[in-house]
Structures are given as structure tokens and as C-alpha cells.
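As a plain string of letters, each chain reads:
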Amino acid sequence: MSGPVRVGVLGCADIALRRMLPAFTAAPGLELAAIASRDPARAKEAGLRFGCRPVHGYAELLAADDIEAVYVPLPAALHAPWVEAALEAGKHVLAEKPLTTDPESTERLLGLAAKRGVALMENVMFVHHPRHEAVRSLVADGRIGELRSFRAEFAIPPLADGDIRYSAELGGGALSDVGLYPLRAALHFLGHDLDVVGARLVRRAGREVETAGAALLATPGGVTAHLTFGMEHAYASRYELWGSEGRITVDRAFTPPADHVPVIGLHGGAGAEEIRLEPADQVAATVAAFVDAVREGSAPCADTLRQAVLLHDVRGSA
């Protein structure tokens, strides 16, 4: 493939307009070519704002010969049909998380992408931030001894009553929206051999989806993962790895701004140490990873599928 990857966007979701489209326009190797909406006025407004052509309707964008890849920021319940349509049209796909609302659909779409020779990538951005690789290196170097447990928390303040994340029909709920982050972090640090030991989901009065939850997972070797999440809380975004000789703590773990100075707390017998890293833009890093996946014609998918299975198991246990 020569020249920039030409990307079209299915929908004018908030996360697209606020975070992803600015990153697309700034990314080397990528050209934001078009944005589609069922409302032609919204497509026109977004097109003018980001310098791309407006398209009326998602199917029309998928039929465009000049679009090589698409970004899908639609509500979770709409991911599977539109991601499938994009893959069938031969497009590479970056889809908002969760990729689908069930592991069977996730496995089917990943298989379809492999069959078509195109990249399918779920937009979990924090894993592309270099801080977490630095944490893995500290653990591998034995800085906290043998790992005993992992704890992660992600919670956000209440959303507007009409927010799609409160809609059961659209695939909302705290587990797949915010619970996905600590669960994916557990996979990132503990590997795929995690099983769900127990879980609890909480639905606040007047809501049709769960608004909070917690889960306990464990590896065959007995390392536990304690996960807590919610979307009607004071903001929290952190994790801790606890070993036989010390602890590693990370705050502002999942959604740090690009100018945030990442800090890793290292706590041991000799006291506490703060390891400061250079700021990094995880949104830009995610876009760069997608461009690389498009050029290679595939994207890593094992974590995406295992994550889907564990989300399903957490819900089943609860």
C-alpha cells in the first residue's frame, strides 16, 4: 500500500468528534476522507469541521471505492452488523469498544476479518500507552518480587439521563463501558489464563442497565485480580500490582491527557520511589497502531476475544 490510509467514519458520536477525528487529522500516514450520518445536516457540519466530505448514510460510505478503512463509533449494539458490513465490503475496521456485545459475534467477526485479509482492531487505547510496558518491565525485573495480586478501578461521574450508555437496547451498562478497562488491564498484566471466581453487578433505582460492579478473577497459580467499576461515582482510574516484596501503583491509568506526566509508584522495603516518564499521547499511538495494522492486513486479536469471553463470564457470574 502506498500513500496515506483513507478512512471513513460511520456516525458522528461524541468520542469520534471529541477525540478520534482530531487524532485522525493529525496522524501521519492517514487521511480522513469522509464522515457518514443518517442525518445529512450532521454529516455536513462534521465534514466542514474536519475537512472531509459528508456522506448521507452508512451503506453509501461503505460502497465508496476510495475508502480503505472505516472507524465505527456507533452504540455497542450496532457494532456487529456494521462491522460485518464493512468487512464484507473489504474495508479495514477500527471499532469502538466493546467490539460486540457477545463473544460469539466477536469470534465470528475476527474470523471474517482474517478470511478477508483485512485488519479488525478494537479501540482500547490505554494499552498503547508506554507507561504500561514500563510497568511490565519492572515486574519482569523482579522489582516487587513474586506477583501476588492485581487490583484495578475505573469509575466516572453520572452521565446525562439520555446518554446511550444507560440504554439496554443500545448495549449500554457499566460492565462493557467502564468495567472493560480494569478487566483488560488484568489481561494485560496477568495473561489469558484468568478465570472468573465471582462477580456482582449493581443497578441503581430508575436505571435499566447496571451502573456499577465488581469482579474477582484468578490465575491457575493463585494470583488474584480484584476489579471495581462504575459510572455514577467520583472519578477513579488506577491499578496496583502487589508482590512478595513490594507494590507498583499507577494513577490516571486509563484515560490520561496527552500532556500528562505519567508517574509509576514503586513501593518496597527501602521506601517509596516515583518513576516519572515523558508524556505520551495514547490516542495518537492507537491511530498509529491501526495504520500499521492496515498496512500489514491484520491486527492482534487474541486479547480482544479473551476479553469478550471474560466480560460474558463476569455477567454470567453476577
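All of these numbers come straight from a predicted model, not from anything done at the bench. (Residues numbered from 1 in each chain as written. Predicted model: local features only at pLDDT ≥ 70, side-chain atom pairs only at ≥ 80, totals over all residues. Heavy atoms only, no water.)

### Some points on the overall build of the protein chain
Helices and strands together make up the secondary structure of the protein chain, namely nine helices and 14 strands. Since a compact globule built from 318 residues should have a radius of gyration of about 20 Å, the 20 Å found for the protein chain is in line with a globular shape. On the principal axes, the C-alpha backbone points of the protein chain span a range of 60 × 45 × 35 Å. Every one of the 318 residues in the protein chain was classed for burial, and the buried ones make up 52%. Element-wise, carbon and sulfur atoms account for 51% of the exposed surface of the protein chain, whose accessible area totals about 13900 Å². (Helix = DSSP H or I, 4+ residues; strand = E, 2+ residues; numbered from the N terminus. Rg over C-alpha atoms; globule rule 2.2 N^0.38 Å. Buried < 20%, exposed > 50% of the residue type's maximum accessible area, 1.4 Å probe, protein only. Areas by Shrake-Rupley, 256 points an atom, 1.4 Å probe, with all protein chains shown as cover.)

### Brief notes about the sheet that holds strand β10 (residues 224–230)
Strand order in this open sheet of eight strands is β8-β9-β10-β7-β11-β12-β13-β14, and the pairing throughout is mixed. Lying at the two open borders of the sheet, with one neighbouring strand each, are β8 (195–202) and β14 (271–276). Shown here is a sheet whose adjacent strand axes are inclined to one another by a mean of 10 degrees, direction ignored. Sheet strands in contact with helix α9 (residues 302–317) are β8 and β9 (212–218), and its direction is about 60 degrees off that of β8. (Pairing = 2+ DSSP bridges. Axes fitted to C-alpha atoms, helices over the stretch in contact; angles between N-to-C directions. Contact = heavy atoms within 4.5 Å.)

### What about the environment of tryptophan 242?
Turning to its location among the elements, tryptophan 242 is positioned in strand β11 (residues 236–243). Spatially, the C-alpha atoms of tryptophan 242 and aspartate 303 are 23 Å apart, while their sequence positions differ by 61 residues. In this view, tryptophan 242 contacts Ile144, Glu146, Leu147, Arg148, Ser149 and Arg247; residues no more than four positions away in its chain are not counted.

### Side note on the nonpolar core
Most often, soluble globular proteins keep nonpolar side chains buried together rather than apart. With 44 residues, the main nonpolar core has Val135, Phe150, Leu227, Tyr239, Leu241, Ile248 and Phe254 as its most contacted residues. Sort the elements by how many residues they give to this core and helix α7 (residues 174–190) lands first, with 11 residues. Setting aside its immediate chain neighbours within four residues, phenylalanine 254 contacts Phe126, Ala152, Glu153, Phe154, Tyr181, Pro182, Ala185, Ser237, Arg238, Tyr239 and Gln282. Counting residues in hydrophobic clusters, the runner-up holds 31 residues, among them Val7, Leu30, Ile35 and Ala46. (Core = buried A, V, L, I, M, F, W, Y, C linked by side-chain atoms within 4.5 Å.)

### Considerations on helix α6 (residues 130–140)
Restricting attention to buried positions, one finds in α6 the residues Arg131, His132, Val135 and Leu138. Along the axis of α6, the buried residues cluster in a sector spanning 110 degrees; they form a single face. Check the buried side of α6 and you find it contacts α7, β11, β12 (246–251), β13 (263–268) and β14. One or two steps after α6, the chain reaches glycine 142, where phi turns positive at roughly 80 degrees. (Arc of directions from axis to C-beta.)

### With respect to the pattern of salt bridges
With the rule as written, the count across this model stands at 23 salt bridges. Its salt-bridge partner being aspartate 66, residue arginine 53 comes within 2.8 Å of it at the nearest N-O pair. Residue arginine 53 is located in strand β3 (residues 53–56), and its partner aspartate 66 is located in the loop between α3 (58–62) and β4 (69–72); the two are separated by 13 residues in the primary sequence. Judged by its relative accessible area of 33%, arginine 53 falls in the partly exposed class. The exposure class assigned to aspartate 66 is partly exposed, which follows from its relative accessible area of 27%. The closest approach of N and O atoms between glutamate 240 and arginine 247, which form a salt bridge, is 2.8 Å. When its relative accessible area of 27% is taken as the criterion, arginine 247 is described as partly exposed. (Salt bridge = Lys/Arg side-chain N within 4 Å of Asp/Glu carboxyl O.)

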